[in-house]
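Per-entry structural report
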Amino acid sequence: MNENKNRTGLSRRDFLKLSSAATLTAVAGYALYEYQPWLSYNEQSNLTWRPMVKETNTPPQMRELVRYATLAANGHNTQPWKFAIKENAIEIHPDFSRQLPAVDPQNRELWISLGCALENLIVAARATGFTPEVTYPDMADFINVQLTADTPLETPLFKAIPLRQNTRSEFDGQPVVVTDLDQIQSPTLEPGIGVRLITNPAALEAVVEYVNQGNLSQYTDPSFIDELIYWLRFNKKDALATLDGLYSRCSGNPEVPGWLGRMFVAGTKPQQQADIDAAKLRSSPGAIVIASEADDKSAWVRTGQVYERLALKMTSLNIKSAFLNQPIETAELRSQFQNAVGLDTSLPQLLVRFGYAEAMPRSLRRPVEAVLL
Ligand SMILES: Cc1cc2nc3c(=O)[nH]c(=O)nc-3n(C[C@H](O)[C@H](O)[C@H](O)COP(=O)(O)O)c2cc1C
């Protein structure tokens, strides 16, 4: 018997060739399974963010208003909302199955997210020929928007709805044009809501220190990490499967298999995360704190409205923005942060940095049918 042939009759070289081919096939098969290159994230993203086509019939128009509401900012992209389309009204309801008990135990940010959706709905309703009248969730657990036919009022904020994004990259450090800064620091407010602009480098450095402390606290809390991992989408296959959550490329991170991403996030050193966010804040020429007199559902909804209005205004001025809410989400830091930024008796609700940067990949949204009651 030829000594180079084994019991299958294959030479050692043939055997090696075969096993390399098998390994390559397995690796390629796994890569295909993980990444599914035939799925197009860009196509889905373009569909999500397509500009509104104004409808002449009321029912499709109402659905478009709901779609534009869902394009709003919202915590962890959980999209914690449901909408009810009535004859002359749209209701926005909380979807408590999408709450974030670790980072948002009071549902404060959930109601802020509904406020963001409300603002988009109001701006879009005015642009398509309705006057909206809002009933806040003081008595009931939902927001009602009564719609009365009127002359359409299209504004730059309406055009900004499909362009707004939370841009999590570092910014270019350039100061914001003074006339634009004036517009940012004096947005149209809601009763009981105020904003504080911070551009002084020493004051910004003090904010960096609070963001650091917030990160150190959150990234040592296993329930925070578990919740974050649950909502992270480490590759487009996972993002496209649920159409919600935090897709890695929207935060400037690469696509990886889910198991690897989960391992990586679970092993993140708190100081590592703190340093990344400190660099992001230091690359920003300014930050804004949105604060409220009360700390209840209606105040949270109005906070969301002011934030979204501001975000749309910044988008229309080509200014990018992103949240760094750690010092407000961390209960033991919130009142210290309130004093540090000179808020007196108002309560900090959101911390937003702003500046100039390239746009990032867009986040996805579930379709209207998935959010109708
Ligand atoms: C109340 C609230 C809190 C948020 N907190 C953070 C945050 O701390 N860090 C962050 O990067 N993004 C935060 N976001 C942004 C959301 O993650 C973002 O809006 C969502 O992923 C959808 O992406 P988009 O805004 O780019 O459409 C927050 C948004 C809201 C409304």
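Please read these numbers as outputs of a predicted model, since none were measured by experiment.

Before going further, it helps to examine the overall build of the chain. Within the chain one finds 14 helices and 10 strands. Dimensions of the chain along its principal axes, counting C-alpha atoms only, are 95 × 55 × 40 Å. Relative to its 373 residues, the chain shows a buried fraction of 38%. In the chain, 76% of the contacts between residues at least 6 apart in sequence involve partners at least 24 apart.

With that out of the way, let us pick up the sheet that holds strand β4 (residues 143-149). To summarise the sheet geometry, strands pair through backbone hydrogen bonds and adopt either a parallel or an antiparallel arrangement. Spatially, 4 strands are ordered β1-β2-β4-β3 in an open sheet, and the strand pairing comes out antiparallel. Whereas interior strands pair on both sides, the edge strands pair on one side only; in this sheet they are β1 (81-85) and β3 (130-135). Taken over all neighbouring pairs, the strand axes of this sheet differ in orientation by 20° on average, direction set aside. Taken together, the 6 bridges between β3 and β4 define a ladder with antiparallel strand orientation.

The subject of this paragraph is the site of the ligand. As a structural note, the neighbourhood of the ligand is formed by 17 residues, with Ala-73, Asn-77, Glu-109, Asn-166 and Phe-323 the closest of them. Of all elements in the fold, only α4 (108-127) and β9 (320-323) reach the threshold of two or more residues within the shell around the ligand. Counting residues per element, the shell around the ligand draws most heavily on α4, which supplies 4 residues. Class assignment for the residues of the shell around the ligand results in 6 nonpolar, 9 polar and 2 charged.

Orientation of α4 relative to helix α12 (residues 297-316), taken along the N-to-C sense of each, is 50°, at an axis distance of 6 Å. In terms of orientation, α4 and α12 fall into the oblique class. The chirality of how α4 crosses α12 is right-handed. The residues of α12 that touch α4, namely those facing Arg-108, Trp-111, Ile-112, Ser-113, Leu-114, Gly-115, Cys-116, Leu-118, Glu-119, Asn-120 and Val-123, are Lys-297, Trp-300, Val-301, Arg-302, Thr-303, Gly-304, Gln-305, Tyr-307, Glu-308, Arg-309 and Leu-312.

On to the sheet that holds strand β5 (residues 193-198). The sheet built from 4 strands is open, its strands ordered β5-β8-β10-β9 with antiparallel pairing. Strands at the two margins of the open sheet, each flanked by one partner only, are β5 and β9. Strand after strand, the sheet turns through a mean of 25° between neighbouring axes, direction not considered. Sheet topology places β5 next to strand β8 (residues 286-292); 6 bridges connect them, and they run antiparallel.

This paragraph deals with the domain arrangement of the chain. Per the domain assignment, the segments of the chain are domain 1 (9-38), domain 2 (45-165 + 363-371) and domain 3 (178-355). The centre of domain 1, based on its C-alpha atoms, is set 49 Å off from the matching centre of domain 2.

The subject of this paragraph is the nonpolar core. Membership of the largest hydrophobic core comes to 63 residues, with the highest contact counts inside it found for Leu-65, Leu-114, Ala-117, Leu-121 and Ala-124. With 13 residues, the top contributor of residues to this core is α4. Each of domain 2 (45-165 + 363-371) and domain 3 (178-355) gives at least three residues to this core. Beyond its immediate stretch of four places on either side in the chain, Ala-124 contacts Met-52, Leu-65, Tyr-68, Phe-158 and Ile-161.

Let's shift gears to the pairing of strand β2 (residues 89-94). Here β2 shows a buried face lined by Ile-90, Ile-92 and Pro-94 and an unburied face lined by Ala-89, Glu-91 and His-93. Examined bridge by bridge, β1 and β2 share 5 bridges and lie antiparallel to one another. The partner of Lys-82 across the bridge, within β2, is His-93. Bridge count between β2 and β4: 4 bridges; the pairing is antiparallel. By the bridge assignment, Ile-90 is partnered in β4 with Val-145.

Calculation criteria
Residues numbered from 1 in each chain as written. Predicted model: local features only at pLDDT ≥ 70, side-chain atom pairs only at ≥ 80, totals over all residues. Helix = DSSP H or I, 4+ residues; strand = E, 2+ residues; numbered from the N terminus. Buried ≥ 20, exposed ≤ 12 C-beta atoms within 10 Å, placed from the backbone. Contact = placed C-beta atoms within 7 Å. Pairing = 2+ DSSP bridges. Axes fitted to C-alpha atoms, helices over the stretch in contact; angles between N-to-C directions. Near = placed C-beta within 6 Å. Nonpolar A, V, L, I, M, F, W, Y, C, P; charged D, E, K, R; others polar. Parallel < 35°, antiparallel > 145°, perpendicular 65-115°, else oblique. Left-handed = near helix turned anticlockwise from the far one by under 90°. Domains from an automatic or database assignment. Core = buried A, V, L, I, M, F, W, Y, C linked by C-beta atoms within 7 Å.

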